[in-house]
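Listed below are the residues making up each chain.
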Amino acid sequence: MSSSNTVRTARRRTLRVAAAALTAAAALTLTACSDSDAAGTKPPGQSDTGMAADSGGTGSSPKAQGSDAPPSAPAKPDTEAGAAGKQSGKQSGKRSGGGQTAEGGKAGSAGRTQRLADGISTAEVTKLGDQHYRAKIVAHGSVLATLETKGHDDGLDANDMFVTLTLDGQVHSWMGGGQQGPGTFKLAGGWTAKVTKVGELKYRAQIIGHDGVAATLETKGHDVGLDANGVYIVLSSGGVISAHA
């Protein structure tokens, strides 16, 4: 073999050994890199799961684990505004209900008590509306009778004590002075009463002044009364008439 051939063969062997050495070094480098990645890096999507487990003690949903930003909080119902609205409505409702009772007159206004002419009985007067009053005649804790104005005055003969209740809620009472009808009778204040019987427990009295008949009273099973310009007149269902100025 010539010297030139010997040199070429030696070079080829050297190149092969160098290539093998490079290959082995590359393999060692790749192995080291692979081990480093396995020890120092975290798979995608695992870091948030580990933090949630450490801090909260409970797992979160997959969507929350995969997101770096915290999940948005659910919208809270507007409880404060709702509560305030309900409270306002209650207060308004309360104010509205009170106004209706006062304006509508459904409940009678505070009444008053007045002593009557016999010194024993009292009249408990309550206003029910415009020119609408009620008077309970009470003695010894018992209600003996009730007077009520409904567009006209009212009156009562209570065992020779006469009581009138006028349209403006005034109570007047006096003792005695009754005259039994039928007949024509002189009354206080210059009035004349012509009393006639028109039925069982039904009498009529024409109240006559200087200009003729000024008013007419008629019993229909109950006594009646009248305020005749400051002269108070009662006609009973038994035909007894009495007046007091």
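Before reading further, recall that the structure is shown in the block above.
Throughout what follows, the structure given in this document is the object of discussion. (Residues numbered from 1 in each chain as written. Predicted model: local features only at pLDDT ≥ 70, side-chain atom pairs only at ≥ 80, totals over all residues. Heavy atoms only, no water.)

## Some remarks on the overall build of the chain
A tally of regular secondary structure across the chain gives four helices and 15 strands. Counting only residues that meet the buried cut, the chain has 24% of its 245 residues in that class. (Helix = DSSP H or I, 4+ residues; strand = E, 2+ residues; numbered from the N terminus. Buried < 20%, exposed > 50% of the residue type's maximum accessible area, 1.4 Å probe, protein only.)

## Remarks on the environment of Thr-146
Positionally, Thr-146 belongs in strand S4 (residues 142-148). Through-space distance from the C-alpha of Thr-146 to that of Ala-135 is 5.7 Å; in sequence the pair is 11 residues apart. Those residues within four positions of Thr-146 in sequence are excluded, and the remaining contacts are Arg-134, Ala-135 and Lys-136. (Contact = heavy atoms within 4.5 Å.)

## Overview of the sheet that holds strand S6 (residues 161-165)
An order of S5-S6-S7 is seen for the three strands of this open sheet, with the pairing classed as antiparallel. Strands with a single pairing partner mark the edges of an open sheet, and in this sheet they are strand S5 (154-158) and strand S7 (171-175). On average, each strand axis in the sheet is tilted by 15° relative to the strand beside it, whichever way the strands run. Inspection of the sheet shows S6 paired to S7 by five bridges, in the antiparallel sense. In the strand pairing of S7, Leu-165 is matched with Val-171. (Pairing = 2+ DSSP bridges. Axes fitted to C-alpha atoms, helices over the stretch in contact; angles between N-to-C directions.)

## Comments concerning the nonpolar core
With 17 residues, the main nonpolar core has Leu-187, Val-195, Ile-207, Leu-217, Ile-233, Leu-235 and Ile-241 as its most contacted residues. Every element with two or more residues in this core is listed here: strand S10 (192-199), strand S11 (202-209), strand S13 (224-228), strand S14 (231-235) and strand S15 (240-244). Apart from the residues within four sequence positions on either side, Val-195 is in contact with Gly-181, Pro-182, Gly-183, Phe-185, Tyr-203, Arg-204, Ala-205, Leu-235, Gly-239 and Ile-241. Within the second largest apolar cluster, 13 residues are counted, among which are Tyr-133, Met-161, Leu-165 and Val-171. (Core = buried A, V, L, I, M, F, W, Y, C linked by side-chain atoms within 4.5 Å.)

## Observations regarding the packing of aromatic side chains
On inspection of all chains with the given rule, the structure shows one aromatic pair. Taken together, a centroid distance of 6.0 Å and an interplanar angle of 20° make the contact between Phe-162 and Trp-174 stacked. One end of the pair, Phe-162, is in strand S6; the other, Trp-174, is in strand S7, with 12 residues separating them in the sequence. Looking at Phe-162, the relative accessible area reads 0%, which means it is buried. (Phe/Tyr/Trp six-rings, centres within 6.5 Å; stacked < 30°, edge-to-face > 60°.)

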